[in-house]
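Coordinates in review
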Amino acid sequence: MGSIPNTGESTKLTQPSFDEFQRQTSLMTSCTLLWKELSDHFNSLEQNLMKKSEALKDKLRVLDEQTKKSLNVLEKRETTIDGSVEIALKIVEKSKEAALSVLEKESEADSEDSLGEVDDGDGVLAKLRWFCLKMEARGFWSFVTGKKKDLELLREKMPLALVECVDPARLVLESISEVFPHDRREIRDKSEKSNDLGWACVLILESLIPVVVDPVIGKSRLLVTSSVKERAKEIAETWVASLDERGGIENVKTPDVHTFLQHLVTFGIVKKEDVDFYRKLVIGSAWRKQMPKLAVSLGLGDEMPDIIQELISRGQHLDAVHFTYEVGLVEKFPPVPLLKAFLKDAKKAAASILEDPNNVGRAANLAARKEQSALKAVIKCIEEYKLEFQFPPENLKKRLEQLEKGRTEKKRQPASVPANKRTRANIGGPMPPAKAGRLTNAYVSSFPAPSFVRSPSHGQYHPGVSPYSPPPTIYGSVSPPPPPNPYLYSSEAAAPGFGGSYPAPPPPMNYPLPYTAYGGPAYQPAYY
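Residues numbered from 1 in each chain as written. Predicted model: local features only at pLDDT ≥ 70, side-chain atom pairs only at ≥ 80, totals over all residues. Heavy atoms only, no water.

Let us look at the pattern of salt bridges. Going through the model one piece at a time under the given rule, you end up with 18 salt bridges. Within the structure, one salt-bridge network assembled from shared partners comprises Arg279, Glu303, Glu310 and Arg314. (Salt bridge = Lys/Arg side-chain N within 4 Å of Asp/Glu carboxyl O.)

All right, on to the side chain of threonine 259 then. Assignment of secondary structure puts threonine 259 in helix H11 (residues 254-267). Judged by relative accessible area, which is 2%, threonine 259 ranks as buried. Of note is the side chain of threonine 259, whose polar atom sits 2.8 Å from the backbone oxygen of proline 255. Other than its neighbours up to four places away in sequence, threonine 259 contacts Phe180, Gly198, Cys201, Val202 and Leu205. (Helix = DSSP H or I, 4+ residues; strand = E, 2+ residues; numbered from the N terminus. Buried < 20%, exposed > 50% of the residue type's maximum accessible area, 1.4 Å probe, protein only. Polar contact = N/O pair within 3.5 Å; in protein donor to acceptor, adjacent residues only side chain to side chain. Contact = heavy atoms within 4.5 Å.)

With 90 residues, the main nonpolar core has Phe260, Leu261, Phe267 and Phe323 as its most contacted residues. Considering each element in turn, this core owes the most residues, nine residues, to helix H8 (residues 198-212). Leaving out residues up to four positions away in the same chain, phenylalanine 267 has contacts with Ala169, Leu173, Leu205, Leu208, Leu222, Val224, Val228, Lys229 and Ala232. (Core = buried A, V, L, I, M, F, W, Y, C linked by side-chain atoms within 4.5 Å.)

All right, on to the environment of arginine 221 then. Following the sequence through the fold, arginine 221 ends up in strand E2 (residues 218-222). With relative accessibility at 13%, the residue arginine 221 sits in the buried group. Separated by 47 residues in the primary sequence, arginine 221 and glycine 268 place their C-alpha atoms 8.6 Å from one another.

This part is about helix H14 (residues 304-313). Among all positions of H14, only Met304, Ile307, Ile308, Leu311 and Ile312 are buried. Projection of H14 onto a plane perpendicular to its axis shows the buried side chains occupying an angular sector of 140 degrees, all on one side. Those residues of H14 that are buried are in contact with helix H12 (275-284), helix H13 (291-297), helix H15 (317-327) and helix H16 (335-355). Directly after H14, the chain includes glycine 315, whose backbone phi takes a positive value near 85 degrees. (Arc of directions from axis to C-beta.)

Residues Lys219, Lys289, Lys293 and Lys380 make up a contiguous surface patch of positive charge. Mapping lysine 293 onto the fold places it in helix H13. (Patch = residues over 30% accessible without salt bridge, like charges linked within 9 Å, V, L, I, M, F, W, Y side chains within 5 Å. Areas by Shrake-Rupley, 256 points an atom, 1.4 Å probe, with all protein chains shown as cover. Lys, Arg positive; Asp, Glu negative; His and termini not counted. Charge placed at Lys NZ, Arg CZ, Asp CG, Glu CD.)

Let us now look at the packing of aromatic side chains. Two numbers describe a pair of aromatic rings. These are the distance of the centres and the angle of the planes. Following the criterion strictly, the structure yields six aromatic pairs and no others. Taken together, a centroid distance of 6.1 Å and an interplanar angle of 55 degrees make the contact between phenylalanine 277 and tyrosine 278 tilted. Tyrosine 278 shares its class with phenylalanine 277; the two are buried. Ring centres of tyrosine 325 and tyrosine 385 lie 4.0 Å apart, and the angle between their planes is 10 degrees; on these two criteria the pair is classed as stacked. Remark: tyrosine 385 occurs in the loop between helix H17 (363-384) and helix H18 (394-412) and tyrosine 325 occurs in helix H15; sequence separation between them is 60 residues. Residue class for tyrosine 325 comes out partly exposed when judged on its relative accessible area of 25%. A relative accessible area of 18% means that tyrosine 385 is categorised as buried. (Phe/Tyr/Trp six-rings, centres within 6.5 Å; stacked < 30°, edge-to-face > 60°.)

This part covers a nonpolar patch on the surface. A cluster of nonpolar residues, Leu34, Leu38, Phe42 and Leu45, forms a patch on the protein surface that exposes about 370 Å² of accessible area. With respect to the secondary-structure elements, leucine 38 resides in helix H1 (residues 7-104). Classification of leucine 38 as partly exposed rests on a relative accessible area of 38%.

Considering the arrangement of structural elements, one finds leucine 151 in helix H5 (residues 151-162). Overall, the relative accessible area of 26% leaves leucine 151 in the partly exposed class. Among all residues touching leucine 151, those that are not within four sequence positions of it are Trp199 and Leu203.

The next subject is helix H9 (residues 226-241). An ideal rise of 1.5 Å per residue puts 22 Å on 16 residues; H9 measures up with 23 Å between its terminal C-alpha atoms. Residues of H9 that are buried: Val228, Ala232, Ile235, Ala236 and Trp239. Buried residues of H9, seen end-on, are gathered within an arc of 100 degrees and therefore sit on one face of the element. Exposed side chains of H9 directed beyond 90 degrees from the buried face belong to Ser226, Ser227 and Ala241. Buried positions along H9 lie against helix H6 (168-176), helix H10 (243-246), H11 and H12. (Expected span 1.5 Å × (residues − 1).)

This brings us to the packing of H15 against H17. Viewed as axis vectors pointing N to C, H15 and H17 meet at an angle of 15 degrees, and their least axial separation amounts to 11 Å. As far as their axial angle goes, H17 and H15 are roughly parallel. Crossing of H15 over H17 shows left-handed handedness. Here Leu318, Val321 and His322 of H15 lie close against H17, whose contacting residues are Ala377, Cys381 and Glu384. Classifying every residue of the contact of H15 with H17 by side-chain character gives four nonpolar, one polar and one charged. (Axes fitted to C-alpha atoms, helices over the stretch in contact; angles between N-to-C directions. Parallel < 35°, antiparallel > 145°, perpendicular 65-115°, else oblique. Left-handed = near helix turned anticlockwise from the far one by under 90°. Nonpolar A, V, L, I, M, F, W, Y, C, P; charged D, E, K, R; others polar.)

Take the packing of H5 against H8 next. Between H5 and H8, the least distance of the axes is 8 Å, while the angle of their chain directions is 40 degrees. One element, H5, and the other, H8, form an angle in the oblique class. Relative to H8, the crossing made by H5 is right-handed. Of H8, the residues touching H5 (which contributes Leu151, Leu154, Arg155, Met158, Pro159 and Leu162) are Trp199, Leu203, Ile204, Glu206, Ser207, Leu208, Pro210 and Val211. Of the residues contributing to the contact of H5 with H8, the split by class is 11 nonpolar, one polar and two charged.

Our next topic: the pairing of E2. The two faces of the sheet receive side chains in turn, since in a regular strand these alternate between them. As defined by bridge partners, strand E1 (residues 213-214) adjoins E2 across two bridges and the pair is classed as antiparallel. What sits directly across from valine 213, in E2, is leucine 222. In this structure, the hairpin formed by E1 and E2 is closed by a connection of three residues. (Pairing = 2+ DSSP bridges.)

In terms of backbone geometry, most residues other than glycine have negative phi values and most peptide bonds are trans. A cis amide bond, omega 5 degrees, links phenylalanine 180 with the succeeding residue proline 181. By the secondary structure assignment, proline 181 is in the loop between H6 and helix H7 (185-188). One non-glycine residue, methionine 135, lies in positive phi territory at about 55 degrees. Residue placement: methionine 135 occurs in the loop between helix H3 (121-133) and helix H4 (137-145). For methionine 135, a relative accessible area of 19% gives the class buried. Here the phi dihedral of lysine 386 falls at roughly 55 degrees; this positive angle occurs in a residue that is not glycine. Within the secondary structure, lysine 386 is located in the loop between H17 and H18.

What follows is the structure in structure tokens.
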């Protein structure tokens, strides 16, 4: 028979092989997980490389398209030069003939009176054309500045008149040179210095743009001679150099800034390296209506988000709304929250005015005006951008009506008369009521008014008899008799000097109760 194996020895032999199996199993699992992780990593790298490759291909495609477009534009500009020059020459020739005809008929059209009335549109256009045909810059400027009430009419007719100029750009430069880049009116008349004419400069510069644009390719090329363009650059550099004399960018006037920026856009002399400088000027004068369009024309389109954010941080929410709509960033900067924030700030400002101790007398009026102006601006903005559905203006209009009604009622209330605090210097005590006692109808009392007393020289009354007796006391307080006045002569002292020729003066008259009841002294009459 065979021997039976020992169970303990067999257990010792099989145990190490099982542990080895578990170890190899865990190793295989770790290798599998590591392989999967590496595979995912390489797959993500491959996908990223493919995305970047596609992005580079798209950029190259866009660059190719832009290059082709730029080449086409350059080719078009080159091919259209002859056509544009021909058109410009025809215009110049036509203007020349018109100017010569005006000079030939100078006896009929040279005087300003021969143009007739200039109150209507035809008269204004005829007058502007007359100045443009003769290239009369001084007269053109004087006529425009004297027609500020007809601003919209000038805006409509001025481009039509500038077309008649032989060199409209030069006429515009010479016209605005009266106040830009320096105000030269101070030399002749200092009283005109305070009259701001920036509106006229901006109007003339804006009207020049449709006249000098290329008739074939548009605004990308301006028909301005090189000499005029160089002169425009010199004027711009002179204005920038004079900023230190004006107190820097922070203290320069908004009309001057507007004129300068419009000057750059009109003559096409914007510099890319001065974009930061333009941005500061735009933000400082952002409340101007034309400033958003000017900012885009100055090349600030890419910086508009930062400009809008800076306006919001400055509390200029309404200006930010205008900039937002100009560049199409309504989704990024919703207008309704900006308008509500603007109204909130206006209410805070009105409340601070009411709490200001320096404006006690007019605080309510100033606060109401502040809130009224804010409400009107918001309502106008809502109507301009069609925001009635998002921000109904009914409540704003009701509040505006309440404020206007309150101001109207306050104006109708009679002004309160301050208490009379006049004092009499030589006697002391308060003065009697103003205008009382001058006439019988000014006498205020429950007793009959006293009659007028004649001069003692007429001798109507006996020297020892008083013209009338004082009325009884009803308030229980009678003023004490006044102190003796050394400048009044008594009857005893006057008798020897006049030898009895005149009767003795009557005793001092006591004023009736309405005078003495105020606690004042009893006034003595004046003697002749």
